[in-house]
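Here is how the chains run, residue by residue.
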Amino acid sequence: MEKGTLVEFWHNGERRLAIADRPEGKKHWIAIDARTQSHTLHPRDITYEVAGVTYKQPAEIDRFSAQVAPNIDPDSLEVAWEMLVEDGETVDPPTLADLLYSDRTPALCYAAYVLLSEDKIYFKNKKEDKYEPRSRAQVTELKHQATVKDRKEIEQQGFIDRVRQQLAGTPVEWEDTDKQRLEVLEKYVLNPDLPPSKLGEYLTALNRQQTQPAVFSLLVELGWWSIHENIHLRRSQTPVHFSPKMQTVAHELLTNPPVDLDATRRRDLTHLKVYTIDDESTQEIDDGLSLELLPDGRQKLWIHIADPTRLLSPEDEFDLEARKRSVTIYLPTGMIPMFPPDLATGPMSLRQGKKCCALSFGIILDESGAASEYEITTSTIEPTYRLTYEDVEEMLQLRIPGELEIESIAKAAKLRNQWRTSQGSININMPESTVKVSGDEVSIDLIEDNRARRLVAEMMILAGEVAAKYGQDNALPLPYRGQPQPELPPEEELILIPVGPARSCAVRRCMPRSEMATTPSRHASLGLNTYSQVTSPIRRYTDLLAHFQIKAHLRGDELPFTTERLQEIMMGLGTNIYEATMVERQTNRYWTLEYLNRSGDREWDALFLRWLREDESLALILIEELGIELAMKFNRWVALGEPIQVQVALVDPRQDIIHLREIAIQPANSAA
């Protein structure tokens with residue numbers, strides 16, 4: 001290279017032209033660009049040398065560039081390509097200049113070079129300054145890719161523009177491609193450890209930080225999410241809605257129900273008075289109670305359970321859908337049902353005044369409360385009363401004439417509880433509450449521990465014992481539930497803890513988890529040698545499995561599930577049930593903290609339950625009025641069961657943070 005040669009090189013991502021001024025060392029050259037800035041260039045830094053002319057002044061570079069610019073038209077390359085593609089002839093910048101401009105001036109050769117070096121469609125660089133035309137198939141594909149890329153860039157810019165418009169307060173109508181991009185933002189909030197590749201581009205364009213709270217706030221500002229969006233539910237694999245296909249199948253079941261396999265065997269029990277008892281908000285009515293007076297004067301308890309399996313077949317579409325869901329999930333904002341609501345609250349439920357199919361358990365208790373005789377039958381019933389727990393409590397208190405059956409059932413429930421106690425049952429009476437959200441209102445209500453609730457609970461436990469006995473007597477594989485015997489604290493240790501929640505908490509700590517298996521085992525806390533849940537087949541899939549098995553055996557049919565298959569299904573359910581339980585727990589926790597957040601500086605009466613980490617002064621307390629347990633740090637030693645007063649110091653429901661502080665209880669005579 002000689003002094004005055006015009007050369008091209010790249011600087012900060014852009015083409016630059018400079019005039020070679022003087023050598024620097026053995027290989028380098030000092031070159032001066034149009035801005036009179038000097039650059040030290042190695043031969044490998046130089047991408048093009050303008051041949052045939054030398055330059056002296058940097059101002060000449062601008063004149064050269066002005067000659068080049070009008071001739072850089074990428075569309076002209078297609079013309080040259082069409083002329084060369086059939087023969088596959090290679091081309092260099094001078095040859096292309098001849099083809100395009102019919103001349104080889106330095107400026108036109110450089111223009112041709114720029115076109116070739118920037119082209120991504122028609123020509124590919126073979127070696128040095130030689131370029132080969134791509135095949136027609138390759139060009140077609142590259143054009144398609146370029147069109148797709150351009151369209152995506154236009155769509156992305158449109159998305160950014162609509163986001164800005166929405167943030168400015170002008171409502172927009174989101175396009176389908178917008179929804180995909182909004183889902184990218186969603187995924188980052190739900191799993192910030194795996195940021196999608198496009199996220200940074202969106203946030204940079206919107207001048208937003210790439211943090212989980214910032215993206216969450218953006219989604220809320222856009223109206224895409226609620227300020228109270230259930231992140232826990234979104235993170236889970238829980239299906240919230242039923243697919244159009246499942247809705248179609250549900251409609252078909254409603255309009256054309258399948259043949260009832262038990263139609264000819266169902267016992268007509270419509271002469272019995274049937275009480276269904278639930279919370280007022282309950283819509284899936286899956287159990288009812290009756291009392292029958294036998295000719296010999298004995299009383300027979302009837303526990304009627306809804307019979308949804310008459311509408312299903314093992315392993316059919318709806319059975320598999322229910323299995324995938326595993327349970328109905330109850331959230332403060334509403335429920336996510338295991339079956340479509342039209343089915344669950346319709347033909348599957350025990351509806352007042354309607355003839356309903358049921359699986360009925362008839363049981364006679366002996367004087368001690370043990371189930372001395374029992375039978376299980378498919379049946380037809382006609383529920384007489386749709387009652388709430390409050391209704392039943394009132395009926396028991398008033399002893400309404402003509403409704404003495406309910407009192408007899410209550411007495412049987414009390415007898416059953418006494419019998420289970422004699423069998424070693426362990427009662428843990430901790431207050432429970434329900435959190436509900438209605439519109440913008442949040443409420444927390446204690447669940448009253450009354451005779452009505454105990455009545456229903458005992459009857460459901462009794463049905464579970466009888467179902468398990470039937471399974472055990474007939475060697476049926478069922479989803480049996482057991483619980484190992486706990487190692488309870490010594491009596492002398494428990495006596496030191498005040499009676500009530502603190503003592504119950506100490507016992508609860510020792511209770512092992514219940515276990516599910518295909519063979520019966522003792523359930524320690526219930527005081528039963530065998531037990532299987534069967535009373536909520538509309539809401540629990542394991543109950544549905546038990547119904548399939550028991551009903552098939554009653555008909556004399558082959559069992560739909562072998563022991564091995566049942567075990568396999570139950571193992572799969574474990575993960576789903578755990579996930580549903582966590583969603584319920586975390587959602588309740590969020591709304592509990594939100595309730596406390598709205599309660600301001602209110603002071604709460606509480607009980608000290610136990611130390612969580614005594615060395616860190618971290619304890620578990622119970623806010624009695626709300627029936628909720630919270631962790632709290634103390635700056636003093638506190639006795640188990642000691643009453644305290646607390647106040648919320650800091651709460652952030654979204655970050656799951658709550659700090660409580662103790663309020664000193666003033667002596668009674670302090671006002672004097």
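Above this text sits the structure in question.
This report concerns the structure included in the present document. Once a new chain begins, its residue numbering starts again from 1 and follows that chain's sequence as written. This being a predicted model, a pLDDT of at least 70 is required before a residue's local features are given, and a value of 80 or more before pairs of side-chain atoms are given or counted; all residues contribute to the totals for chains, interfaces and linings. Excluded from the side-chain calculation are hydrogens and water; included are all heavy atoms of the structure.

## Topic: the sheet that holds strand 4 (residues 38-41)
So, step 1. Overall, antiparallel pairing links the 5 strands, which are arranged 4-3-2-1-5 in an open sheet. Edge strands, defined here as strands with exactly one partner in the open sheet, are strand 4 and strand 5 (46-50). The sheet shows a mean angle of 40° between the axes of neighbouring strands, direction not considered.
So, step 2. With 4 bridges joining them, strand 1 (residues 6-11) and strand 5 adopt antiparallel strand pairing. Bridging from a neighbouring strand, Val7 pairs with Glu49 of strand 5.
So, step 3. Packing against the sheet, helix 1 (residues 59-68) makes contact with strand 1, strand 2 (14-24), strand 3 (28-33) and strand 5, and its axis sits at approximately 140° to strand 2.
So, step 4. Strands in contact with helix 4 (residues 106-118) are strand 1, strand 2 and strand 5; relative to strand 2, the strand with the most contacts, it is inclined by about 125°. When DSSP finds at least two bridges between two strands, those strands are taken to pair. Secondary structure elements are defined from DSSP: runs of H or I of at least 4 residues count as helices, runs of E of at least 2 residues count as strands, and each element is numbered from the N terminus. To define axes, lines are fitted to C-alpha atoms, for helices over the stretch in contact only, and angles between the resulting N-to-C directions are given on a 0 to 180 degree scale. Residues count as neighbours in contact if any of their non-hydrogen atoms are within 4.5 Å of one another.

## Describing the packing of aromatic side chains
So, step 1. Stacked, edge-to-face and tilted labels apply to pairs of Phe, Tyr and Trp rings (six-membered ring for Trp) whose centres lie within 6.5 Å, assigned for plane angles under 30 degrees, over 60, and everything in between, in that order. For the coordinates displayed, the defined rule picks out 17 aromatic pairs.
So, step 2. Seen from their ring centres, Tyr48 and Tyr113 are 4.5 Å apart, and the 25° between their planes marks the pair as stacked. Here Tyr48, found in strand 5, pairs with Tyr113, found in helix 4; they are 65 residues apart in sequence, far enough to count as distant. For the residue pair Tyr48 and Tyr113, the accessibility class agrees, reading buried in each case.
So, step 3. Between Trp81 and Tyr122 the ring centres are 5.5 Å apart and the planes differ by 50°, which places this aromatic pair in the tilted class. Of the two residues, Trp81 sits in helix 2 (residues 76-84) while Tyr122 sits in the loop between helix 4 and strand 6 (123-127), which places them 41 residues apart along the sequence. Taken individually, Trp81 and Tyr122 each receive the classification buried, so the pair is uniform in this respect.
So, step 4. Three or more aromatic residues joined by ring pairs form one cluster here, namely Tyr48, Tyr55, Phe64, Tyr110 and Tyr113. When accessible area is computed with a 1.4 Å probe and restricted to protein chains, residues below 20% of their type maximum are described as buried, those above 50% as exposed, and intermediate ones as partly exposed.

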